[in-house]
Amino acid sequence: LICQRVMRDHGKYVHVGQPFVFQERNMHRLITDLKNELFGMKYVQQFAEWLDHLALPAGDVSAQTSFIYSEMEVIAWMPSQMYQAGQAWIRDLEKVL
């Protein structure tokens, strides 16, 4: 969702299509997997609406993505690990770019 939001500001699009590879997965406990997905299922619509109404500053993709992760701190239901991981990812990207 974050990628789609930033790309939209730059006139670009995210395309999701058929998988290019087959992944042989290990055994899963389906109930555990479902429990791990419930948070995202509960809040995806609210997060998408929040992103849609967020005014991004002028800048490149990296700067705008960094801005989104910093703004996520104000979302009461957002676990801090979510935006902290995003901020760490951006810092890592900036080191290699």
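Just above sits the structure.
No experiment lies behind these values; they were computed from the predicted model shown. (Residues numbered from 1 in each chain as written. Predicted model: local features only at pLDDT ≥ 70, side-chain atom pairs only at ≥ 80, totals over all residues. Heavy atoms only, no water.)

*Asks:* Which parts of the structure should I look at to understand the packing of helix α1 (residues 2-9) against helix α3 (residues 61-71)?
*Replies:* In a pair of packed helices, the angle between the axes and the distance between the axes together describe the arrangement. Two elements in contact, α1 and α3, have axes whose closest approach is 10 Å; the angle formed by their N-to-C orientations is 135°. It follows that α1 is oblique to α3 by the angle criterion. Crossing angle aside, the handedness with which α1 passes α3 is right-handed. From α1, Ile2, Arg5, Val6, Met7 and Asp9 reach across to α3, where they touch Val61, Gln64, Thr65, Ile68 and Tyr69. (Axes fitted to C-alpha atoms, helices over the stretch in contact; angles between N-to-C directions. Helix = DSSP H or I, 4+ residues; strand = E, 2+ residues; numbered from the N terminus. Parallel < 35°, antiparallel > 145°, perpendicular 65-115°, else oblique. Left-handed = near helix turned anticlockwise from the far one by under 90°. Contact = heavy atoms within 4.5 Å.)

*Asks:* Got a minute to help me understand the environment of Tyr13 in this structure?
*Replies:* Along the chain, Tyr13 turns up in the loop between α1 and α2 (30-53). With relative accessibility at 76%, the residue Tyr13 sits in the exposed group. The spacing of Tyr13 and Cys3 is 10 residues in sequence and 8.9 Å in space, taken between C-alpha atoms. (Buried < 20%, exposed > 50% of the residue type's maximum accessible area, 1.4 Å probe, protein only.)

*Asks:* For this particular structure, what's the right way to read the pattern of salt bridges?
*Replies:* Two side chains with opposite charge may pair up if their charged atoms get near one another. Taken as a whole and assessed by the stated rule, the structure comprises two salt bridges. A salt bridge links Arg5 to Asp9, with the nearest nitrogen and oxygen atoms 2.8 Å apart. Placement of both Arg5 and Asp9 in helix α1 is noted, with a separation of four residues, approximately one turn of the helix. The exposure class assigned to Arg5 is buried, which follows from its relative accessible area of 7%. We note a salt bridge from Asp52 to Arg8, for which the minimum N-O separation is 3.1 Å. Highlighted residues: Asp52 in helix α2 and Arg8 in helix α1, separated in sequence by 44 residues. By relative accessible area, which is 45% here, Asp52 ends up partly exposed. (Salt bridge = Lys/Arg side-chain N within 4 Å of Asp/Glu carboxyl O.)

*Asks:* Got a minute to help me understand the packing of aromatic side chains in this structure?
*Replies:* Given two aromatic rings, their pairing is described by the distance between the two centres and the angle made by the two planes. Summed over all chains, the structure comprises four aromatic pairs. With a centroid separation of 4.8 Å and an interplanar angle of 45°, the aromatic rings of Phe39 and Tyr43 are classed as tilted. Residue Phe39 and its partner Tyr43 are both found in helix α2; the two are separated by four residues, about one turn of the helix. With 4.3 Å between their ring centres and 10° between their planes, Tyr43 and Trp77 make a pair best called stacked. Here Tyr43, found in helix α2, pairs with Trp77, found in the loop between α3 and α4 (80-96); they are 34 residues apart in sequence, far enough to count as distant. (Phe/Tyr/Trp six-rings, centres within 6.5 Å; stacked < 30°, edge-to-face > 60°.)

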